[in-house]
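# Residue-level structure breakdown
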Amino acid sequence: MQSPENLSNYWQNHLRVAFEKSAPQLYRPMLTASLAHVVMLAEQGLLPAERARQLLGGLRELLAAEDDRFVFDGSVEDVYYLVEQRLAAAAGIEKSELDVQLARSRNDLDAGVFRMVLRDNVLDQARQACAAAEAAAVQADRCAEVLITGFTHRRPAQPTTLGHVLAGYAEALLSQADELLSVYDELDVNPLGSCAFAGTDLPIEPARLGELLGFRENFTSSYEAVAGAEHLMRTAAVQARILATGARMARTMLDWMTFGWIATPDAYCQGSSIMPQKKNPVVLEHMCSMAGAAAADLAATMNNVGAAWYEDSNNATTDVQEHLWRAGDRSVRFLTMMGGLIEELRPQDPPSPEQVVATGATTTAIAEALAGAGIPWRGAHSVVGSLVRQAPPAEWTSSAVTAAIAEAGLGEVDDSVVEAALAAGLKPELVLDRPQVGGPGAAAVRRTAELALGRARSLAGEFAARRAVLSEAAAKLDAAVDGVLAGGRG
């Protein structure tokens with residue numbers, strides 16, 4: 001054991017830092033993977049029964065400890081050697097007598113353990129993504145008739161509803177949940193047994209390791225099992241994607257609160273140090289910053305992987321781990337806050353139909369009414385553009401519209417066409433009756449919300465089933481350990 005000041009430059013400035021970050025994440029999963037490995041070795045007759053019992057007893061003792069302390073004292077270089085150090089002491093043997101690494105490399109152990117860590121984290125993200133999607137679908141149904149002005153390019157564009165926007169975000173969340181499911185299944189491949197990358201001549205049984213650790217499949221290439229990084233890049237990408245889209249929704253909700261269209265929830269606000277009237281929904285600002293951090297972790301992951309050779313390499317393995325578990329934890333927190341914000345969303349003072357008209361958001365409806373009466377679309381568009389530059393739609397008159405059509409060289413139109421066009425421009429609430437599938441019509445929004453709710457619950461069931469597999473594997477591993485300790489196969 002060395003005092004910190006006696007550590008070498010490399011140990012002090014890299015190994016110590018890496019250890020302090022990785023030990024809390026990897027130590028317990030490494031113990032669990034080692035339990036499965038010792039069971040498999042014992043069942044294959046590769047370990048004497050007494051040695052297997054010593055190792056399993058020591059591993060269980062370490063897992064039973066309630067207060068894991070990780071102090072880098074220079075006696076080990078990384079968390080794997082900490083496991084060996086503690087296991088030897090717990091098993092009552094010398095480190096030179098350890099067999100836990102028989103037919104195993106740090107390469108496949110690290111690959112397997114990190115897949116286990118990421119599986120758990122992806123399931124946590126998925127739970128919150130499905131919950132947020134369900135909340136958005138429920139609120140979309142409730143707000144299907146809450147008229148607002150929709151924006152494009154930060155300018156008023158067309159009438160829509162709160163429900164229409166929320167139903168759209170529910171679909172985005174469900175797309176992310178679909179991707180999380182696909183990423184999970186790619187993570188759920190057992191690399192243990194591939195050793196350094198070329199396997200072993202010893203008669204091990206990798207499938208048994210996969211069974212005891214809850215992996216859905218086992219590696220088909222021992223090389224890719226330890227050199228591969230596709231699952232790492234996909235995990236980083238979906239985490240950044242979740243927060244990027246969520247940040248866009250956060251900015252939109254911040255606008256709604258600023259306009260007074262929805263209430264600003266107290267639980268997500270902070271006050272001002274000098275202005276007593278302020279109630280600042282700063283959580284939404286923080287969420288946008290979190291998206292930037294996720295993008296940085298994605299970039300770091302891609303850069304590290306791209307800097308590596310196609311072989312086991314720290315660049316593409318251990319050096320990307322902190323970016324992934326940090327981004328995964330951030331994603332869980334982001335989705336939890338987003339789901340909570342959506343659940344608390346309450347309409348407050350949405351714009352009146354007159355206010356929507358005053359923004360010019362109904363002009364497309366006017367142009368479409370003219371086009372529906374036979375005026376060519378580009379001509380109708382030009383007429384309405386000319387009119388809106390002269391006055392807001394509420395101030396237009398039948399004679400002004402007729403004159404604009406004539407000036408555009410579009411001939412004469414029936415007075416009823418002009419009156420229908422003016423009515424379309426003064427009644428943004430007509431959008432609530434629009435029958436188009438997927439549109440802002442109230443019935444269409446409720447149908448979209450219904451479909452989203454069903455998908456959210458179905459996906460939640462898929463993830464729950466995968467979590468159940470892990471619980472069943474944990475019980476199977478416990479039984480197998482008991483079997484070896486008792487002298488037979490579990």
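Procedures and definitions
Every residue gets a number counted from 1 within its own chain, in the order that chain's sequence is written. With pLDDT at 70 or above as the cut-off, local features in this predicted model cover only qualifying residues; side-chain atom pairs require 80 or more to be listed or tallied, and sums for whole chains, interfaces and linings still use all residues. Excluded from the side-chain calculations are hydrogens and water; all other atoms, namely the structure's heavy atoms, are used. UniProt positions are given in the numbering used here, feature names are shortened, and annotations may be inferred rather than shown by experiment. By definition, any uninterrupted DSSP run of H or I lasting at least four residues is a helix, any uninterrupted run of E lasting at least two residues is a strand, and each is numbered from the N terminus. Radius of gyration here is computed from C-alpha atoms only, and the compact-globule reference equals 2.2 Å multiplied by the residue count raised to the power 0.38. Residue exposure (1.4 Å probe, protein chains only): buried if accessible area is under 20% of the type maximum, exposed if over 50%, otherwise partly exposed. Like-charged residues within 9 Å of one another, or nonpolar side chains (Val, Leu, Ile, Met, Phe, Trp, Tyr) within 5 Å, are grouped into patches, provided each residue has over 30% relative accessible area and no salt bridge. Here the Shrake-Rupley method, with its probe set to 1.4 Å, supplies the accessible areas, and only the displayed protein chains count as covering residues. Each reported salt bridge corresponds to a side-chain nitrogen of Lys or Arg within 4 Å of a carboxyl oxygen of Asp or Glu. To estimate the expected span of a helix, count its residues, drop one, and scale the result by 1.5 Å. Each C-beta atom gives one direction from the helix axis, and the arc is the one those directions make. Contact definition: two residues touch when any of their heavy atoms are within 4.5 Å. Centres within 6.5 Å make a pair out of two Phe, Tyr or Trp rings, where for Trp the six-membered ring is used; the pair is then stacked when the planes are under 30 degrees apart, edge-to-face when over 60, and tilted otherwise. By definition here, charges over rings are those cases where NZ of Lys or CZ of Arg is within 6 Å of the ring centre and within 35 degrees of the ring normal. Here, strands pair whenever DSSP counts at least two bridges between them. For every domain, the bounds stem from an assignment made automatically or drawn from a database.

Under the annotation held in an unreviewed UniProt entry, the chain carries the name argininosuccinate lyase and is attributed to Saccharopolyspora kobensis. We quote the UniProt Pathway (unreviewed entry) comment for the chain here in full: "Amino-acid biosynthesis; L-arginine biosynthesis; L-arginine from L-ornithine and carbamoyl phosphate: step 3/3."

Helix and strand content of the chain: 16 helices and four strands. Computed over its C-alpha atoms, the radius of gyration of the chain comes to 31 Å, more than 25% above the 23 Å expected for a compact globule of 490 residues. Referenced to the eigenvectors of the C-alpha coordinate spread, the extents of the chain come out at roughly 100 × 50 × 40 Å. Relative to its 490 residues, the chain shows a buried fraction of 49%.

On to a nonpolar patch on the surface. Residues Phe197, Tyr223 and Tyr310 make up a contiguous nonpolar surface patch of roughly 320 Å² in combined accessible area. Secondary-structure assignment places Tyr310 in the loop between helix H9 (282-306) and helix H10 (318-343).

Once that is clear, we can look at helix H2 (residues 49-64). Owing to its 3.6 residues per turn, the α-helix brings residues three or four apart onto one side. If you check H2, its first and last C-alpha atoms are 22 Å apart, about what 16 residues at 1.5 Å a residue would give, namely 22 Å. All of the buried residues along H2 are Arg51, Ala52, Leu55, Leu56, Gly58, Leu59 and Leu62. For H2, the arc enclosing every buried residue in end-on projection is 160 degrees, short of the 170-degree limit, so these residues lie on one face. At its buried positions, H2 is contacted by helix H1 (9-43), helix H3 (79-91) and helix H16 (442-486).

Moving on: the packing of aromatic side chains. Two descriptors summarise a pair of aromatic rings, namely the distance from one centre to the other and the angle between the planes of the rings. Summed over the entire model, instances satisfying the criterion amount to nine aromatic pairs. Summarising the aromatic geometry, the rings of Tyr80 and Tyr81 are spaced 5.0 Å apart at their centres and angled 65 degrees between planes, so their arrangement reads as edge-to-face. Residue Tyr80 is classed as buried on the basis of its relative accessible area of 5%. Here a set of aromatic residues connected by ring pairs shows up, and it is made of Trp11, Phe19 and Phe72. Of note, Arg86 hangs over the ring of Tyr27, and the distance from its end group to the ring centre comes to 5.1 Å. The cationic tip of Arg119 hangs over the ring face of Phe215; the distance from NZ or CZ to the ring centre is 4.3 Å.

Bridge analysis of strand S1 (residues 147-152) against strand S2 (residues 155-161) gives six bridges, and the strand direction is antiparallel. Bridge pairing in S2 links Thr149 to Pro159. Between S1 and S2, which pair antiparallel one after the other, the connecting turn spans two residues, and His153 there sits at a positive phi close to 55 degrees.

All right, on to the domain arrangement of the chain then. How large an interface is tends to be reported as the accessible area lost when its parts come together. Domain assignment breaks the chain into domain 1 (9-102), domain 2 (107-201 + 213-350 + 443-472) and domain 3 (354-433). Distance from the C-alpha centre of domain 2 to the C-alpha centre of domain 3: 43 Å. Counting residues at the interface gives eleven residues for domain 2, matched by eleven residues for domain 3. Between domain 2 and domain 3 we count zero salt bridges in total. At the level of secondary structure, the elements contributing two or more residues to the side of domain 2 that touches domain 3 comprise S1 and S2. When residues in the side of domain 2 that touches domain 3 are grouped by element, the largest group, five residues, is from S2.

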